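Residue-level structural notes
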Amino acid sequence: MSAAPDRSGLPLLSVRDLHVTYPSRSGPVPAVRGVDIDLAVGETLGLAGESGCGKSTLAGALLRLLPRGTEVSGQVLFDGEDVLTMRPGRLRAVRWTDMAIVFQGALHTLNPVQRVGRQIGEAIRLHSPRTSGSAVSSRVGELLELVGLPARRARDYPHQLSGGQRQRVLIGLALACEPRLLIADEPTTALDVMVQAQVLRLLEDLQQRFGLAVVFITHDLSTLAAVCRRIAVMYAGLIVEEGPSQAVFEAPAHPYTRALAAAFPVIGDPAFRMNPSGVAGDPPDPRELPSGCPFHPRCPAVVKPCSSIKVQLWPAGPERGAACVHVPGSGVPV
Amino acid sequence: MSSVAVPSARRITWSRRRRAVAQAWAEYRRHAPGMIGLAILAAAVAMALAAPLLADPAGQHAVNTTANPAWANPSKFGPLGTDHLGRSIMTQFIWGARISLLVGLAATVLAMLIGSVVGIAAGFFGGWFEAVLMRLTEWFLVIPFLPLAIVLAAILGPSVENIILVIGITSWPFPARLIRAQVLTLKERLYVDRSRALGASNWHLMTRHVLPNVSGLIIANTTLTVPVAILSETTLSFLGLGDPSRASWGKMLQEGFAAGALTQQAWWYYAPPGVGIMLVVLAFTLCGQALEEVLDPRLRDQRA
Amino acid sequence: MTAAPLLEVRDVRVEFPGRAGVARAVDGVDLQMRAGEIVALVGESGCGKTTLARTIVGLQRPAAGEVLLNGAPLRYGRRALRAHRRAVQMVFQDPTGALNARQTLYEAVAEGVRIQGLPGDEEQLVAEALSRAGLRPPERFFARYPYEISGGQRQRVIIAGAMVLNPSLLVADEPVSSLDASVRGEILALMLRLVRETHVGILVVTHDLGLAWNVADRVAVMYLGRIVEQGTTEEMLTAPRHPYTRALLSVVPEIAHVEPQILTGEAPDPTRIPSGCRFHPRCPLVASGEAQRLGIEERCRGEDLGLAPVPDAPAGSDQVVACHAVAAATMAASP
């Protein structure tokens with residue numbers, strides 16, 4: 001489990017009312033519709049959600065890596081400074097040295113025609129241009145050893161590495177400038193379960209060693225429960241539930257979280273034998289969002305107010321919130 | 001979709017296909033250069049088809065034109081003047097369009113047919129079959145076009161049909177290689193596997209799955225091969241290998257050159273065929289580019 | 001078991017020649033399945049499970065061994081293969097890639113009907129298949145194209161296309177791994193329903209042990225081209241005997257009460273299969289010295305072995321395991 005976060009003082013990352021809208025031929029597409037997040041120094045937050053929920057857009061927005069023309073509003077406060085209003089020079093300085101991102105290690109995330117050592121070195125050189133060549137090489141070697149690869153692998157091309165090894169390179173790349181916040185966007189999704197476990201353990205070790213704060217984004221709710229302290233569940237651009245990870249996974253308050261948790265059977269529990277449970281329908285297309293609560297067309301517990309009410313995170317227990325009218329804290333009569 | 005009277009699935013499919021074609025046409029219309037190319041082509045084809053109505057075919061033969069002044073410029077004998085034998089340039093231009101277009105299109109069809117069959121078969125079957133076909137293709141590619149064409153034309157004799165044959169035989173390797181490359185990637189697609197798992201024969205796979213997905217490439221390639229064929233015909237006619245009894249633009253250029261039109265400064269002799277060739281080639285190229293744009297990104301957008 | 005099993009795989013070997021040597025993707029596999037049974041073939045990437053699945057469907061020819069359907073060995077002539085495909089169908093991992101984007105959904109399902117020349121009204125067969133796969137009303141889906149429906153619905157179309165032929169065996173290669181988590185249950189529930197309604201047997205190839213727990217009657221674990229352990233789901237996932245199965249189970253996040261045994265490295269590639277027990281370079285028993293203590297380390301490094309029954313399994317169990325440690329315990333247990 002992750003180390004206890006430093007709760008004193010301001011949160012390291014504070015996202016306030018973030019909205020992200022993509023332009024498209026058929027009109028604006030809202031991908032993120034008002035998200036608040038707080039992350040303390042050294043804390044791990046899991047962000048769970050499926051396709052179309054906006055989690056990858058959110059990750060991109062934190063580093064302002066979204067395509068030109070995307071409308072972003074709200075605040076992303078890193079150590080008190082708003083990333084969204086930073087000047088380009090300051091933003092470049094913050095990127096990678098304070099906040100870094102790890103993507104899925106697919107072959108196209110790394111440049112296939114450059115050796116991996118050179119790609120890591122590029123990150124170092126971008127931020128400390130006067131570093132000597134030998135200093136860069138030794139730092140690259142250091143980083144590779146840090147993530148469990150022998151230093152001589154710096155001379156390999158991405159296709160010569162296995163999936164797990166590529167993922168480690170990406171992690172090493174992200175740590176090149178000693179950031180304080182690591183955003184991991186589906187880092188283990190395409191990997192085998194054993195390799196996944198290796199990479200997760202590596203992330204855990206690094207997080208403890210360097211006191212990294214981590215935002216871990218994935219659709220695999222069970223992994224988050226084991227790795228993160230807190231979880232936020234996203235659906236259709238909104239956070240629909242958040243709270244301590246074990247509690248959210250074992251006793252979800254929102255029907256969507258319940259459905260998502262049920263998709264990860266607990267082995268050994270007879271209740272899951274021959275009893276696959278899913279939710280009818282599909283995650284909504286951001287271009288055609290339902291009115292009211294975005295989950296109501298698929299919700300097994302839908303009631304009349306659901307199709308018109310504007311949902312928000314109502315209190316659902318200690319340090320927990322859920323955007324569902326059934327939560328006692330909602331104050332909505334059902 | 002209400003189910004008042006559900007039309008049969010086949011009718012639905014066909015109406016979808018008609019709509020897809022209509023959409024493609026609407027998309028094409030938005031492409032200005034493509035429309036210009038299409039207009040030029042339409043005019044050229046119309047002129048070629050209407051040749052009997054526009055000009056007397058007998059005017060191609062010198063013996064019927066002895067009454068005309070030779071080397072008359074357009075102001076003296078219209079609309080395009082006469083050549084060294086008194087033949088009307090206009091007549092030759094109109095009738096020549098027929099040959100140029102016919103040879104261009106027919107030779108291209110021949111080349112694409114051979115190229116497609118070879119490309120698809122080689123790509124699909126692989127193994128020694130592919131190796132043999134590809135060596136054959138490379139052999140044809142390596143041999144320079146002109147000497148081969150000259151030798152073939154000399155052997156087969158000068159006639160329009162033989163020109164078509166010669167150009168077709170020398171042009172098929174280019175599309176064959178492109179198509180084979182595309183087929184190589186297509187046959188690895190999962191839906192080909194699925195079809196095979198359903199029990200499909202090789203013929204079914206090739207015609208139902210591979211062919212429709214290379215058809216875009218074939219079409220685009222066809223429109224870009226026609227100009228090449230027309231120019232090849234021009235070259236061969238210019239070298240005297242064309243049909244001596246029929247006018248073609250290449251032949252006009254050859255005869256003009258031989259008769260000394262340049263020294264005579266009889267620009268009305270070589271300008272019309274030259275401009276005609278240039279316009280038709282340009283038109284096909286523009287259409288080809290427009291088609292490529294219409295077929296490809298639409299597919300990408302649709303499948304998003 | 002008196003009647004011939006629905007599916008029998010006998011010592012099948014599949015090899016792929018390559019630059020680095022011959023890759024023995026499937027290296028001697030025996031497997032049996034009964035009608036109406038769901039078997040999960042579990043393993044990580046590179047273990048050969050997909051190759052084995054394709055061999056069973058007939059898309060891949062084995063270098064040795066036989067695939068028998070209802071006792072009759074699979075022959076590879078055109079007619080024999082086509083008949084085999086009436087009875088054995090496949091569901092693919094990537095439903096988007098498995099559908100030709102230029103075909104309507106109707107054509108995708110009707111394709112099998114036409115190829116196999118099934119008697120009856122084609123439109124009715126297609127409508128029934130789509131309906132049974134949960135796409136209702138089926139007519140609404142006839143004229144649609146794959147890009148117009150969701151991932152889960154595409155998988156249903158693939159399942160419909162397979163079930164329209166009324167197969168006795170369905171081989172599902174990672175049927176839900178590319179779908180959204182909340183949608184997976186629906187497809188799995190569909191598969192269970194199909195088994196109940198048509199008594200079809202399903203071989204599910206997956207890396208997800210949770211899925212096996214959810215829907216499988218039996219589980220077989222593959223490593224580097226061999227099945228290393230087999231048994232009922234309950235036996236395999238609550239009391240596994242093979243060190244590899246145990247390690248896999250221990251790292252599943254939902255299992256919090258077991259200390260995770262994270263194996264080092266990744267599985268070696270099939271061109272360089274280790275001597276002796278192919279798992280020995282990564283086996284925790286060897287690494288921790290336990291194997292030496294039990295006196296079997298030499299055998300682990302040098303002696304290849306096959307599946308053998310588990311010593312203290314309850315009566316009637318047919319759990320089998322390929323492990324020297326278990327074999328040694330068996331020897332010690334027997335008088």
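What counts, and at which threshold
- Residues numbered from 1 in each chain as written.
- Chains lettered and ligands numbered in written order.
- Predicted model: local features only at pLDDT ≥ 70, side-chain atom pairs only at ≥ 80, totals over all residues.
- Heavy atoms only, no water.
- Helix = DSSP H or I, 4+ residues; strand = E, 2+ residues; numbered from the N terminus.
- Rg over C-alpha atoms; globule rule 2.2 N^0.38 Å.
- Areas by Shrake-Rupley, 256 points an atom, 1.4 Å probe, with all protein chains shown as cover.
- Lys, Arg positive; Asp, Glu negative; His and termini not counted.
- Charge placed at Lys NZ, Arg CZ, Asp CG, Glu CD.
- Contact = heavy atoms within 4.5 Å.
- Buried area = accessible area lost by both parts, 1.4 Å probe.
- Salt bridge = Lys/Arg side-chain N within 4 Å of Asp/Glu carboxyl O.
- Polar contact = N/O pair within 3.5 Å; in protein donor to acceptor, adjacent residues only side chain to side chain.
- Nonpolar A, V, L, I, M, F, W, Y, C, P; charged D, E, K, R; others polar.
- Patch = residues over 30% accessible without salt bridge, like charges linked within 9 Å, V, L, I, M, F, W, Y side chains within 5 Å.
- Buried < 20%, exposed > 50% of the residue type's maximum accessible area, 1.4 Å probe, protein only.
- Pairing = 2+ DSSP bridges.
- pLDDT = per-residue confidence, 0-100.
- Phe/Tyr/Trp six-rings, centres within 6.5 Å; stacked < 30°, edge-to-face > 60°.
- Lys NZ or Arg CZ within 6 Å of the ring centre and 35° of its normal.
- Expected span 1.5 Å × (residues − 1).
- Axes fitted to C-alpha atoms, helices over the stretch in contact; angles between N-to-C directions.

1. What about the overall build of chain A?
Helix and strand content of chain A: 9 helices and 12 strands. Computed over the C-alpha atoms, the radius of gyration of chain A is 21 Å, within 12% of the 20 Å expected from 2.2 N^0.38 for a compact globule of 334 residues. Principal axes of the C-alpha set define a box for chain A whose edges measure 70 × 50 × 45 Å. For chain A, the exposed surface amounts to about 14400 Å²; the carbon and sulfur share of it is 52%. Positive and negative side-chain charges of chain A, numbering 33 and 30 respectively, have mean locations separated by a distance of 6 Å.

2. Points about the interface of chain C and chain B
Facing 39 residues of chain C, the contacting portion of chain B comprises 30 residues. When residues of chain C are sorted by the area they lose upon contact with chain B, C:Asn100, C:Arg102 and C:Tyr147 head the list and together hold 21% of the total. Applying the counting criterion to the chain C and chain B interface returns 1 salt bridge. Between C:Arg54 and B:Asp193 there is a salt bridge; the shortest N-O distance is 2.4 Å. Here chain C is connected to chain B by 12 residue pairs in polar contact (both at pLDDT 80 or more). Looking at the side of chain C that touches chain B, the elements that each hand over two or more residues are helix 1 (49-57), helix 2 (78-87), strand 6 (88-91), helix 3 (105-116), helix 4 (122-132), helix 5 (139-142) and helix 6 (151-163) of chain C. Looking at which element gives the most residues to the side of chain C that touches chain B, the answer is helix 3 of chain C, with 9 residues. Partitioned by chemical class, the residues of the side of chain C that touches chain B number 18 nonpolar, 8 polar and 13 charged.

3. Notes on the interface of chain A and chain C
How big an interface is tends to be stated in terms of accessible area lost as the parts join. Taken residue by residue, the interface counts 40 residues in chain A and 44 residues in chain C. At the boundary of chain A with chain C, total buried surface from both sides reaches about 3300 Å², with 57% on carbon and sulfur atoms. Interface area lost by chain A to chain C is led by A:Met194, A:Ile267 and A:Arg273, which between them contribute 24%. For the salt bridge of C:Glu234 with A:Arg273, the shortest nitrogen-to-oxygen distance reads 2.9 Å.

4. Thoughts on a nonpolar patch on the surface
Residues and elements named next belong to chain B. There is a patch of nonpolar side chains on the surface, built from Leu-146, Ile-150, Phe-238, Leu-239, Phe-257, Leu-262, Trp-267 and Tyr-270 and spanning about 760 Å² of accessible area. Elements that contribute at least two residues to the nonpolar patch include exactly helix 6 (145-156) and helix 13 (267-302). Assignment of secondary structure puts Leu-262 in helix 12 (residues 261-264). On the basis of relative accessible area, Leu-262 is assigned to the exposed category, the value being 53%.

5. As for the pairing of strand 7 (residues 169-173) of chain C
All names here are of chain C. Summarising burial for strand 7: 5 of the 5 residues are buried, a large majority. Side chains Leu-169, Val-171 and Asp-173 of strand 7 all project onto a buried face; the interleaved residues Leu-170 and Ala-172 project onto the opposite face, where all are buried too. Note: strand 6 against strand 7, 4 bridges, orientation parallel. Counted as the bridge partner of Met-90 is Val-171 from strand 7.

6. So, the confidence of the model for chain B
All names here are of chain B. The predicted model of chain B averages 83 in pLDDT, with 91% of residues at 70 or higher. In this model, residues 1-5 is a region of pLDDT below 50 whose contacts with residues beyond four sequence positions or in other chains number 3 contacts. Every residue in residues 298-304 is under pLDDT 50, and counting partners more than four places away or in other chains gives 13 contacts. The ipTM for the predicted assembly is 0.86, set against a pTM of 0.85.

7. Focus: the packing of aromatic side chains
Within the structure shown, the criterion is met by 17 aromatic pairs over all chains. Ring geometry for A:Tyr256 and A:Phe295: centres 5.3 Å apart, planes at 65°, overall edge-to-face. With A:Tyr256 in helix 9 (residues 255-262) and A:Phe295 in the loop between helix 9 and strand 11 (314-315), the pair connects residues that are 39 residues apart, well separated along the chain. On the numbers, 6.1 Å between centres and 90° between planes, the contact of B:Trp128 with B:Phe129 is edge-to-face. Among the aromatic residues, those joined into a cluster by ring pairs are B:Phe124, B:Phe125, B:Trp128 and B:Phe129. Over the face of the ring belonging to C:Trp213 we find A:Arg273, whose NZ or CZ atom lies 5.3 Å from the ring centre. Cation over ring: C:Arg144 sits above C:Phe141, and NZ or CZ is 5.1 Å from the ring centre.

8. Comments concerning the pattern of salt bridges
All names here are of chain B. Counting across every chain of the model gives 36 salt bridges over all chains. Across the pair Arg-30 and Glu-27 runs a salt bridge whose closest N-O atoms are separated by 3.7 Å. Residue class for Arg-30 comes out exposed when judged on its relative accessible area of 65%. Owing to a relative accessible area of 29%, Glu-27 belongs among the partly exposed residues under this scheme.

9. Observations concerning the environment of B:Leu136
One can find B:Leu136 in helix 5 (residues 127-142). A C-alpha to C-alpha distance of 32 Å links B:Leu136 and B:Ser248, two positions 112 residues apart in sequence.

10. As for helix 6 (residues 193-210) of chain A
Every α-helical turn comprises 3.6 residues, leaving residues that sit three or four positions apart pointing alike. With 18 residues, helix 6 of chain A should cover 26 Å at 1.5 Å per step; its first-to-last C-alpha distance of 26 Å lies within 8% of that length. Downstream of helix 6 of chain A by one or two residues, A:Gly211 has phi in the positive range, about 60°.

11. Quick notes on helix 1 of chain C
Residue and element names in this part refer to chain C. Of all 9 residues in helix 1, 7 are buried; the element is thus mostly enclosed. What helix 1 keeps buried is the set Lys-49, Thr-51, Leu-52, Ala-53, Thr-55, Ile-56 and Val-57. Once helix 1 ends, the next one or two residues include Gly-58, with phi positive near 100°.

12. A few points about the environment of C:Ile227
Within the secondary structure, C:Ile227 sits in strand 10 (residues 226-232). Excluding its chain neighbours within four sequence positions, the residues that come into contact with C:Ile227 are C:Val29, C:Asp30, C:Leu31, C:Leu41, C:Ala220, C:Val221, C:Met222 and C:Leu307.

13. Concerning the pairing of strand 3 (residues 38-42) of chain C
Residues and elements named next belong to chain C. Summarising burial for strand 3: 5 of the 5 residues are buried, a large majority. Of the two faces of strand 3, the one carrying Ile-38, Ala-40 and Val-42 and the one carrying Val-39 and Leu-41 are both buried. Here 4 bridges tie strand 3 to strand 9 (residues 218-223), and the two strands are oriented parallel to one another. Its bridge partner lying in strand 9, Leu-41 is registered against Ala-220.

14. Quick look at the side chain of B:Asn213
As for its position among the elements, B:Asn213 is in helix 10 (residues 202-238). For B:Asn213, the side chain forms a polar contact with the main-chain oxygen of B:His209, separated by 2.7 Å. With residues up to four places along the chain from it excluded, the contact list for B:Asn213 reads B:Gln182, B:Leu186, B:Tyr191, C:Asn100 and C:Arg102.

15. Let's talk about the sheet that holds strand 3 (residues 44-48) of chain A
Residue and element names in this part refer to chain A. On the basis of which strands lie adjacent, the open sheet formed by 8 strands has the order 6-7-8-3-9-10-12-11 and mixed pairing. Looking at strand neighbours, the two that pair on one side only are strand 6 (99-102) and strand 11, the edges of this open sheet. Note that strand 9 (residues 230-235) and strand 10 (residues 238-244) share 6 bridges and pair antiparallel. Paired with Ala-232 across the strands is Glu-242, a residue of strand 10. Along the sheet, helix 9 contacts strand 3, strand 9 and strand 10; its crossing angle with strand 9, the most-contacted strand, is approximately 105°.

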